[in-house]
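Structural characterization, general
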Amino acid sequence: MNIVLAYNDTEASNRALERAAALCKLHEARLVVTSITPFVVGPAPDMSPGPELQRADGLLRELGIEAELVEAIGEIASAVVEVADTHDAGLIVIGTREPSQVERMLGHSVSEQVQRMAHCDVLIVH
């Protein structure tokens, strides 16, 4: 099984990273970690792993996990789902935080958008 972890170097995504690492060990799964840049102004960016993915890679190595690192560009939820589809993921792991009242009213939760759009199971880590 392939697991995709959506990572943005926040407390919530670090909790999701720990959960994804545990699941990878338990199921002998392959882990793909993605970090999404919402938009790009100017020339196309270098798609080598940026600081967020390097941080995730370091944390995962400490836990004994080797992961594929994938930078992506686009609307965050769509890009996460696209990475999962491209890597034939059976599970997406994503962290969430408590949304503000305005975010709740407007439905601006990336994790909920991923859950609605995904073609595989989604684990939302609180």
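Worth saying up front: this structure is predicted, and the values here are computed from it rather than measured.

Two quantities define a packed helix pair, namely the angle between the axes and the distance from one axis to the other. Remark: helix 1 (residues 11–27) packs on helix 2 (residues 51–62), axes separated minimally by 11 Å, with the N-to-C direction vectors making an angle of 40°. With respect to helix 2, the element helix 1 is oriented oblique. Considering the relative orientation of helix 1 and helix 2, their crossing is right-handed. Contact with helix 1, carried on its side by Asn14, Leu17 and Ala21, involves Ala56, Leu59 and Leu60 of helix 2 and no other residues of that element. Of the residues contributing to the contact of helix 1 with helix 2, the split by class is five nonpolar, one polar and no charged.

Within strand 1 (residues 2–6), five of the five residues are buried, leaving the element largely enclosed by the surrounding structure. Of the pairings in the sheet, the one linking strand 1 to strand 2 (residues 30–37) comprises five bridges and is parallel in character. Considered in strand 2, the bridge of Asn2 is made with Arg30. Sheet topology note: the strand 1/strand 4 (residues 91–95) ladder contains four bridges and is parallel. Its bridge partner being in strand 4, Ile3 is matched across the sheet by Leu91.

Moving on: the side chain of Ser111. Looking at the secondary structure, you find Ser111 in helix 5 (residues 110–117). A polar contact of 3.1 Å, which involves the side chain of Ser111, links it to the side chain of Ser109.

The strands that make up a sheet are held in pairs by hydrogen bonds between backbone atoms, and each pair lies either parallel or antiparallel. Spatial ordering of the open sheet is given by 3-2-1-4-5, a layout of five strands whose pairing is parallel. Looking along the sheet, the strands with just one partner apiece sit at the ends: strand 3 (67–73) and strand 5 (121–125). Geometrically, the sheet is characterised by an average inter-axis angle of 25° between neighbouring strands, direction not taken into account. The sheet contacts of helix 1 involve strand 1, strand 2, strand 4 and strand 5, and relative to strand 4 the element is tilted by about 150°.

Thresholds applied
Residues numbered from 1 in each chain as written. Predicted model: local features only at pLDDT ≥ 70, side-chain atom pairs only at ≥ 80, totals over all residues. Heavy atoms only, no water. Axes fitted to C-alpha atoms, helices over the stretch in contact; angles between N-to-C directions. Helix = DSSP H or I, 4+ residues; strand = E, 2+ residues; numbered from the N terminus. Parallel < 35°, antiparallel > 145°, perpendicular 65-115°, else oblique. Left-handed = near helix turned anticlockwise from the far one by under 90°. Contact = heavy atoms within 4.5 Å. Nonpolar A, V, L, I, M, F, W, Y, C, P; charged D, E, K, R; others polar. Buried < 20%, exposed > 50% of the residue type's maximum accessible area, 1.4 Å probe, protein only. Pairing = 2+ DSSP bridges. Polar contact = N/O pair within 3.5 Å; in protein donor to acceptor, adjacent residues only side chain to side chain.

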